[in-house]
Amino acid sequence: MNRFEYIRPATIAEAVAAAAAPGAAYLAGGTNLIDLLKGGIVRPERVVDVTRLPGLDAIETLADGSVRIGALVRNADLAHDPDFAHRFPAVVEALLSGASAQLRNAATVGGNLLQRTRCAYFYDVASACNKRTPGAGCAARGGDTRLAAVLGWSEHCIATHPSDFCVPLVALDAVVEIVGTAGSRDVPLESLHRLPGDTPARESVLEPGELIVAVRLPADAASFAAHARYLKLRERTSYAFAVVSAAAALRIEHGAIVAARIALGSVAPKPWRAHAAEAVLTGAHPDRAAFRRAAEAALADATPSGDNGFRIELSRRVVARALARAAAGTPARLPALPASPFAPAPGGLHA
Amino acid sequence: MSLSISLSVNGVAREVALDDPRVTLLDLLRERLDLTGTKKGCDRGQCGACTVLLDGRRINACLALAASCDGAAVLTIEGLAQGDTLHPVQAAFIAHDGLQCGFCTPGQIMSAVGLLREAQTGDDPERVREAMSGNLCRCGAYAGITEAILDAQRQLAAPDHAEAA
Ligand SMILES: Cc1cc2nc3c(=O)[nH]c(=O)nc-3n(C[C@H](O)[C@H](O)[C@H](O)COP(=O)(O)OP(=O)(O)OC[C@H]3O[C@@H](n4cnc5c(N)ncnc54)[C@H](O)[C@@H]3O)c2cc1C
Ligand code: SF4
Ligand code: FES
Ligand code: FES
């Protein structure tokens, strides 16, 4: 870890001013930043601790029916808020499928959105990485590409965005509230992360010093609550990042789909909304054939970034299965293994 | 740069002068406060050996900057027993063979105490296992750990049990 200056501002204005300086980084729960600092993957000169900023830890319903989640709300507190869980079950399923109980107690909403990729070469400072060192090259290309992107990638970077939380949020049209030195602005979550192009080190549209203060879900997002699921394929059942994940939300009236929302996780440099797949489902009967057509549409633009063509068909199957689960209805209580494709043996005490 | 922070550690108020802001809560406990019960396994949030309660919630001390914990109350494995009386979770780990080498055990126990406070699992062993997935055990004592937690939960719920921790 490099030595840095530690600052703990008391107001948002102070925080933004302190973080606008070159080489500054915000610290929230620290579960990603401290890890990256320890590995020497990031080397900020100044760490701006936002955890004491007032007014950023509330979950509120606004006059227009939208829900505003403060950037400092801890992942666990959001997941365990009964009213929020009732209205946005897929968001909660995604949250509870991520990391561990300890990490969710520390991780914040803002930090989850801006967590960095888990590309192994990004983490290994001995490997070339355009994200860490612009222009250095990309060791992942031609390397181990099993978990690399199949959508949205460029020849300069094939890394994925690993967040679970972002996947249902982007499906439900979440909006990110940002404050910077020039004032505040709203950015749709779908536009928060940038595609790598030839500048993979620029991961989001945030300007230096810009702070995420809240995430808003529009009033209409709760109308999917009866048919909303998150499905996460992992290499072990819990405490693992996704290989591929999908959020699916449907509004079904008189046996037909009147609105569909679909997004994929861990297959692209950002949470990936599948608009074309949603259009396929509008007006359709919720059955296997329709879900497969939607899955084909969701992956229509996918191309392997290496020896990872299997991820495309895997993603189609995860989308189709997430849709089938959503159509079957949101369970009254989340399953014991949130978002898992596997069902536990009831009452089993297996080791 | 020097920085002074106040913590309550196992109920005792501590003022700590930090000469370096890089110190994690884990290193503060182990290297500066001589509380070595909290273990360092991976130091990267991947094993749970460093689990402590921060203001009553379980977290990984290895990924918490000590400076950022200023003003908080920390409970470690050293603060769990009341004198010679073990906390019910500690006693249950012994009764159910919830350990073998013991390295992961302080983290497992603190995590279990946090889990019981969260009160999300009920008596479903699968939910207990899922809620404990942030604690790895190299010896594979998981079966005993799950049983110990379910047993401790029953004891703590018993009407004659007035428990503070
Ligand atoms: C072992 C392990 C397993 C994990 N498994 C999963 C998983 O399965 N699924 C998953 O989704 N995640 C997983 N995570 C990642 C975890 O969700 C993130 O580390 C966490 O959400 C980050 O939140 P934080 O508050 O700790 O952020 P920090 O570490 O404090 O910050 C993360 C980044 O966001 C920036 N930042 C933070 N807050 C703001 C803000 N308000 N405005 C602007 N910038 C900000 C920081 O500068 C930093 O770059 C895992 C992490 C670990 C260590
Ligand atoms: S894929 Fe992206 S993050 Fe990974 S090594 Fe290449 S440039 Fe770096
Ligand atoms: S030492 Fe903290 S999680 Fe492993
Ligand atoms: S008892 Fe040995 S690691 Fe768990």
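Since the model is a prediction, treat every value here as computed from it, not as a measurement. (Residues numbered from 1 in each chain as written. Chains lettered and ligands numbered in written order. Predicted model: local features only at pLDDT ≥ 70, side-chain atom pairs only at ≥ 80, totals over all residues. Heavy atoms only, no water.)

## Concerning the sheet that holds strand E3 (residues 46-49) of chain A
All names here are of chain A.
Part 1 of the argument: On the basis of which strands lie adjacent, the open sheet formed by three strands has the order E1-E3-E2 and parallel pairing. Strands with a single pairing partner mark the edges of an open sheet, and in this sheet they are strand E1 (5-7) and strand E2 (24-27). Across the sheet, the mean angle separating the axes of adjacent strands is 25 degrees when strand polarity is ignored.
Part 2 of the argument: In this sheet, E3 lies alongside E2 in parallel orientation, the contact comprising four bridges. By the bridge assignment, alanine 24 is partnered in E3 with arginine 46.
Part 3 of the argument: Strands in contact with helix H1 (residues 12-19) are E1, E2 and E3; relative to E2, the strand with the most contacts, it is inclined by about 140 degrees. (Pairing = 2+ DSSP bridges. Helix = DSSP H or I, 4+ residues; strand = E, 2+ residues; numbered from the N terminus. Axes fitted to C-alpha atoms, helices over the stretch in contact; angles between N-to-C directions. Contact = heavy atoms within 4.5 Å.)

## What about the site of ligand 2?
Residues and elements named next belong to chain A.
Part 1 of the argument: The immediate surroundings of ligand 2 are formed by 13 residues, with Cys119, Cys129, Cys138, Cys157 and Ile158 found nearest.
Part 2 of the argument: When atom positions are compared with the pocket grids, ligand 2 is found to occupy the largest cavity.
Part 3 of the argument: Across the shell around ligand 2, the residue classes break down as ten nonpolar, two polar and one charged. (Near = heavy atom within 4 Å. 1 Å grid on protein atoms, 1.4 Å probe; cavity = no way out; pocket = protein on both sides within 12 Å on 5 of 7 lines; lining within 4 Å. Sits in = over half its atoms within 2 Å of the grid points. Nonpolar A, V, L, I, M, F, W, Y, C, P; charged D, E, K, R; others polar.)

## Digging into helix H11 (residues 288-298) of chain A
Residue and element names in this part refer to chain A.
Part 1 of the argument: By the burial criterion, the buried members of H11 are Ala290, Phe291, Ala294, Ala295 and Ala298. On an axial view of H11, the arc spanned by its buried residues comes to 140 degrees, and they lie on one face.
Part 2 of the argument: Where H11 is buried, its residues meet strand E10 (242-253), strand E11 (256-265), helix H10 (275-281) and helix H12 (310-328). (Buried < 20%, exposed > 50% of the residue type's maximum accessible area, 1.4 Å probe, protein only. Arc of directions from axis to C-beta.)

## With respect to the domain arrangement of chain B
Residue and element names in this part refer to chain B.
Part 1 of the argument: Each assigned domain of chain B is listed with its residue range as follows: domain 1 (3-78) and domain 2 (88-157).
Part 2 of the argument: Taking only C-alpha atoms, the centre of domain 1 and the centre of domain 2 are 22 Å apart.
Part 3 of the argument: Between domain 1 and domain 2, a total of about 1,300 Å² is buried, with carbon and sulfur atoms accounting for 59% of that surface.
Part 4 of the argument: Connecting domain 1 to domain 2 are one salt bridge.
Part 5 of the argument: Put simply, glutamate 118 and arginine 58 hold a salt bridge, and the shortest N to O gap is 2.8 Å.
Part 6 of the argument: The interface formed by domain 1 and domain 2 contains six residue pairs in polar contact (both at pLDDT 80 or more).
Part 7 of the argument: Here the element with the most residues in the side of domain 1 that touches domain 2 is strand E3 (residues 51-54); it accounts for three residues.
Part 8 of the argument: Residue composition of the side of domain 1 that touches domain 2, by class: six nonpolar, seven polar and three charged. (Domains from an automatic or database assignment. Buried area = accessible area lost by both parts, 1.4 Å probe. Salt bridge = Lys/Arg side-chain N within 4 Å of Asp/Glu carboxyl O. Polar contact = N/O pair within 3.5 Å; in protein donor to acceptor, adjacent residues only side chain to side chain.)

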